[in-house]
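# Structural overview for review
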Amino acid sequence: MPDFLDSTSYWVLPLTTFVELRQLLAQKGANTHALLLTESGLATDPLLLPDNFTQFTLLTSPEVNVLILAKAMLAKGDSLPSSSEETFQVNLTLDWATIAEFLKHLKGGLKDDSATLAILKSMQRMLRSYTTSMHSIQGDFAQKLLSVMASATQRKSSQLDSPDVSNSSAATQLQQWGRERPLEQSLLLSQVITKIRQSLDLPIILETTVAQVRQFLQSDRLVIYQFDIDPISPIASTGEPAARNLQASIHAPTNETQEETATEVEQARHRNYITYESRISDDISSVLQFSEDYCFDKLPQCKAQYLRGKTVAIDDVAVAYRNSPCLLNFLKQAEVRAKLVAPIVAQEKLWGLLIAHQCSQPRHWQAWELEFLKHIAAHLAVAIDQSQLYGQLQHQKQALEEYVIGRTQELHDALLAAQSASRVKSEFLATMSHELRTPLTCIIGMSATLLRWSFGELSLRQKNYLNTIHESGERLLEVINDILEVSKIESGRVVLEISEFSLSRLARRSLETFRDQANQSGIELKLDLKVPLNKDRFPADPRRVTQILQNLLSNAVKFTPAGGKVNLRVRVEQRVAVLQVEDTGIGIPESQHNLLFQKFQQLEATRHRQYQGTGLGLALTKQLVDLHGGSISVTSKMGVGSVFTVRLPAQRLTSESGYSADEEIIPLEPSLRRILLVEDHEQTASIICELLTAADYQVIWIIDGSSVLEQAELLQPVAIIIDMALSGGEGSDIIQSLRRYVATAEVKILSLIAENTPQDQTICREAGADDTLSKPIVPEHLLHKISALMSASALE
Amino acid sequence: MSSSKETYILKLYVAGNTPNSLRALKTLNNILEREFQGVYALKVIDVLKNPQLAEEDKILATPTLAKILPPPVRKIIGDLSDREKVLIGLDLLYDELHEDEI
């Protein structure tokens, strides 16, 4: 006889319940992937079931596997009261191995029935593929089965409620055999485990567990006594705000001298109390929020024992606590007669106690009951562990979120501050550069005028002084322009003006600018052009590329001693122009290579004194290269020389800027910075020319006023300066005709008048001039007015 | 530091408002627009109106373009239709002249 079924553990069920059970399985078996087999599916006769079982239902599915075996109960020798209803001995198992064994057994007896054999084989396959991940579903289904069986026992107990049955009533007996079933125990356990797995909501886990365990143990009350409750923890706050305690009633032993520590005790007391409770009925008083710290604190070793996992079973407190009147008193208050205690140890701390109470009478606790409570407590400990970890995780997550939000806000504020600082800086630079440029332009313009003055002889010394003034002014202006340029690029206000140009010509021209300087310093300049004719035309911003080359060449010439060489190499690789400036100069130590392209970085204090410059040149160069999406790199050896390599990718030509320099004449875009000057007074014209060219304008000076209209149309200047006192004609007539003429109607006109009287101003305005300037020319006034007209024109 | 840019001073001598004079101005304008990236001051002189200026500079024919600055002074005679000639005259095409040296 196969011993795969425990013949001693079985259920006794009425027929109706058995049928109900089978129906439940049949329903489940109707699912798509489930297989159901009953004794009626077997053609063999007699049935080859083990242990005289006559009926069975076997369900296999990917989620749950159940086997029910049953046989009719024999009336004789059965302790159950006889009933009109037929009763069955039912064995139920969910155990994989047992079911597999049963299948094997069936197969052994079914050699001929190929159809049934096929079903059995599929069932075996299904059983093999069953995974433990389906435990929760299996648990749920088992619970359903249990509830069907439990209802049967309840029905039975109500039917059999007879007074003649003594202490062990039929109901109790039913409970007894139900309780002793390891299957039900393990099912309840698995249910608790399932709950723990499914939920992170600790209060719900504890609540349901307390209720189910109480029901299963059939105790009057089941509670969780919790230690060290954080006053603001959610578990504590779900209950009533503060712990009730019976301290007052058991206060007697408290010594008055302990008053100092009273507050501490008070605090401690409120941190230990009953947090969960399940009662058999409302007749049992509630002990929720009760605290027994006083007595408990007297027994600190008790806590330590609990921590080690000690369980306590007390059948009658009156006997056990004879010598502890305080505790006994307390238990009386709580109506506790017998109790069963299992510790809940979470994260190596005594988190609480799981306590079963019997209120009205003593109770003899069974060993398995204690074991069961211990198991449940252990599983609760896992749940608490998880919940605490989850809580910590949540807390950390929240803290992290707050930190991130805080940091984001800080960064945002910092960004705003930086932006406004940058804006202020840009505005300051713009203002400063204007304020610096105007007087400088005067210095440069006036010194240039004096140098070229056609009358009067200057002594050599005077000439040298003027030259120095002029050159210093120009150098200063360059520095200021560089600073302005850098700040403009930084603020993103620079747009490349892309056009196609001849690489070789641009390279030659850039190199040629340094010819004189190189000759003076005794440096040999060389151009190494490796640009095929068909690749000579290259789309980029020629002005910026010139700037890049000039900056690099300027440095090369500056840092190369006499007798040295500066070599400019140009080649085109695919769609990339490679510009290389090589010198035999002093070189740059490798440690300082990364400082090279940073703003305001002078490599050495000594070098600073020896060589002029703001340290902006290379930074500006890098920015210009970056604007082109290119790269700049350097290799250098101290005392040998440096090689700067710039790689510029071909830019995309925008339609309006992409004109080519063919012979064909194309209408020109009006130059923003071209000014036409109509002036027949040589000295005035010279000063204006010098000032305006020093301020970077292109000036075309026409002496004779008669052909202004045609020339203005041809030259398309942005502004025209007209002397109102031209010998050849009336200035206001010229202005009027300029205004009438479509091509020049929009041009800005500045009229020069002898004296700045309101009448003269009115005449000029009426004729159509935008502004007036009085003679003799005050350089600053001229520059301010022209600058104002230019910006007004740029805005239109 | 970028090299000090040169300021050009040019003089264009024309005789009256003739098509020839206008063409010369137009061509020069074009060249300056495209080939020239610096700063310049161009003095347009009508020799008929200011004969003394032409005399001072010893201008014998029009149109004539004179580059005063930067030195050396160069004069280009004709209607400037020979672009290359103008560029060389303006020292904008010196590179080609130096080509052999390099």
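Residues numbered from 1 in each chain as written. Chains lettered and ligands numbered in written order. Predicted model: local features only at pLDDT ≥ 70, side-chain atom pairs only at ≥ 80, totals over all residues. Heavy atoms only, no water.

## Considerations on the overall build of chain A
What counts, and what does not: Where helices and strands are cited, they refer to DSSP runs of H or I of at least four residues and of E of at least two residues respectively, numbered from the N terminus. When a residue's accessible area, from a 1.4 Å probe over protein chains only, is under 20% of the maximum for its type it is buried; when over 50% it is exposed; and in between it is partly exposed. Any two residues having at least one pair of non-hydrogen atoms within 4.5 Å are treated as being in contact.
A tally of helices and strands in chain A yields 25 helices and 22 strands. For chain A, the residues scored as buried account for 46% of the 796 residues in total. Long-range contacts, defined here as pairs at least 24 residues apart, represent 70% of the contacts in chain A between residues at least 6 apart.

## Section: the packing of helix 18 (residues 542–558) of chain A against helix 20 (residues 617–627) of chain A
What describes two packed helices is the angle between their axes and the distance between those same axes. Residues and elements named next belong to chain A. Counted only if it meets this: Throughout, an axis means a line fitted to C-alpha atoms (over the contacting stretch in the case of helices), and angles, computed between N-to-C directions, take values from 0 to 180 degrees. Throughout, the term roughly parallel applies to angles under 35 degrees, roughly antiparallel to angles over 145, roughly perpendicular to angles from 65 to 115, and oblique to all others. In this scheme the handedness of a crossing depends on how the near helix is turned from the far one: anticlockwise by less than a right angle means left-handed, clockwise means right-handed. Residue polarity is assigned by list, with Asp, Glu, Lys and Arg as charged and Ala, Val, Leu, Ile, Met, Phe, Trp, Tyr, Cys and Pro as nonpolar; anything else, Gly included, falls into the polar class.
Two elements in contact, helix 18 and helix 20, have axes separated by 9 Å at closest approach and are oriented at 150 degrees. In terms of orientation, helix 18 and helix 20 fall into the roughly antiparallel class. Considering how the two elements wind past one another, helix 18 and helix 20 form a crossing that is left-handed. Contact with helix 18, carried on its side by Arg544, Gln547, Ile548, Asn551, Leu552 and Asn555, involves Gly617, Leu618, Leu620, Thr621, Leu624 and Val625 of helix 20 and no other residues of that element. Split into classes, the residues belonging to the contact of helix 18 with helix 20 amount to six nonpolar, five polar and one charged.

## Observations concerning the sheet that holds strand 17 (residues 641–649) of chain A
Residue and element names in this part refer to chain A. For the record, the criterion: A pair of strands is labelled paired if DSSP reports no fewer than 2 bridges between them.
Taken together, the five strands give an open sheet; going across it, the order is 12-14-15-17-16, and neighbouring strands pair in mixed fashion. For this open sheet the edge positions go to strand 12 (524–530) and strand 16 (631–637), each flanked by a neighbour on one side alone. Averaged over all adjacent pairs, the angle separating strand axes in this sheet is 10 degrees, with direction ignored. In the sheet, strand 12 pairs with strand 14 (residues 565–573) via seven bridges, with the strands oriented parallel. Bridging from a neighbouring strand, Leu527 pairs with Leu568 of strand 14. On top of the sheet, helix 18 reaches strand 12, strand 14, strand 15 (576–583), strand 16 and strand 17; it is set at about 15 degrees to strand 15, its chief contact.

## Describing a nonpolar patch on the surface
Going by this rule: Patches here: salt-bridge-free residues with over 30% relative accessible area, like charges joined within 9 Å, nonpolar side chains (Val, Leu, Ile, Met, Phe, Trp, Tyr) joined within 5 Å. In this description, accessible areas are obtained by the Shrake-Rupley approach with a 1.4 Å probe, and a residue is regarded as covered only by the protein chains that are shown. For this analysis, a salt bridge means a side-chain nitrogen from Lys or Arg found within 4 Å of a carboxyl oxygen belonging to Asp or Glu.
Taken together, the side chains of Leu400, Tyr403 and Val404 of chain A define a hydrophobic patch exposed on the protein surface, amounting to about 330 Å² of accessible area. Among the secondary structure elements, Leu400 of chain A is positioned in helix 14 (residues 367–451).

## A closer look at the pairing of strand 9 (residues 338–346) of chain A
All names here are of chain A. Of all nine residues in strand 9, eight are buried; the element is thus mostly enclosed. Looking at chain direction, strand 8 (residues 312–314) and strand 9 are connected through three bridges and run antiparallel. Bridge pairing in strand 9 places Ile314 opposite Lys339. One ladder, built from nine bridges, connects strand 9 with strand 10 (residues 349–358); its direction is antiparallel. From the neighbouring strand, Ala342 faces strand 10, where its bridge partner is Leu354. Linking strand 9 to strand 10, which pair antiparallel, is a turn of two residues; within it Gln347 sits at a positive phi near 50 degrees.

## Here's the deal with the pattern of salt bridges
Residues and elements named next belong to chain A. Inspection of every chain in the model, using the stated rule, returns 19 salt bridges over all chains. Between Glu39 and Arg22 there is a salt bridge; the shortest N-O distance is 3.0 Å. Of the two residues, Glu39 sits in the loop between strand 2 (35–38) and strand 3 (55–60) while Arg22 sits in helix 1 (residues 15–29), which places them 17 residues apart along the sequence. Residues Glu39 and Arg22 agree in their burial class; the two are buried. Put simply, Arg544 and Asp541 hold a salt bridge, and the shortest N to O gap is 3.7 Å. As far as burial versus exposure is concerned, Arg544 and Asp541 are alike and both buried.

## Brief notes about the packing of aromatic side chains
Residue and element names in this part refer to chain A. Our working definition: Within 6.5 Å between ring centres, the rings of Phe, Tyr and Trp (the latter by its six-membered ring) count as paired, and their orientation is classed by plane angle as stacked under 30 degrees, edge-to-face over 60, tilted in between.
The tally for this structure, following the rule as stated, stands at five aromatic pairs over all chains. For the ring pair Phe18 and Phe88, a centre distance of 5.1 Å and an interplane angle of 25 degrees mean the geometry is stacked. Taken together, the positions of Phe18 in helix 1 and Phe88 in strand 5 (residues 87–93) put the pair 70 residues apart, joining distant regions of the chain. Pair check on accessibility: Phe18 and Phe88 agree, each one buried.

## Comments concerning the confidence of the model for chain A
Residue and element names in this part refer to chain A. The condition is simple: Each residue carries a pLDDT score, the predictor's own confidence in it, on a scale running from 0 to 100.
For chain A, mean pLDDT is 76; residues scoring 70 or higher make up 78% of the total. Within chain A, strand 15 carries the highest mean pLDDT (93), whereas helix 8 (residues 234–238) carries the lowest (41). For the stretch residues 76–83, pLDDT sits under 50, and the model shows four contacts to residues farther than four places along the chain or on other chains. Below pLDDT 50 for its whole length, residues 656–671 participates in 27 contacts with residues either more than four positions away or in separate chains.

## A closer look at the pairing of strand 1 (residues 7–14) of chain B
All names here are of chain B. Most of strand 1 sits out of view: eight of its eight residues are buried. Burial of strand 1 is two-sided: the residues Thr7, Ile9, Lys11 and Tyr13 facing one way and the residues Tyr8, Leu10, Leu12 and Val14 facing the other way are all buried. Bridge count for strand 1 against strand 2 (residues 39–46) is eight bridges, and the pairing is parallel. Residue pairing across strands places Tyr8 opposite Tyr40, the latter belonging to strand 2. As paired strands, strand 1 and strand 3 (residues 64–69) are joined by five bridges and run antiparallel to one another. Within strand 3, the residue paired with Leu10 across the bridge is Lys67.

## Description of the sheet that holds strand 7 (residues 273–279) of chain A
All names here are of chain A. Taken in spatial order, the five strands line up as 7-6-10-9-8 in an open sheet, and their pairing is antiparallel. The open sheet is flanked by strand 7 and strand 8, the only strands paired with a single partner. On average, each strand axis in the sheet is tilted by 15 degrees relative to the strand beside it, whichever way the strands run. With respect to the sheet, helix 7 (residues 202–217) is in contact with strand 6 (221–226), strand 7 and strand 10, its orientation differing from that of strand 7 by roughly 50 degrees.

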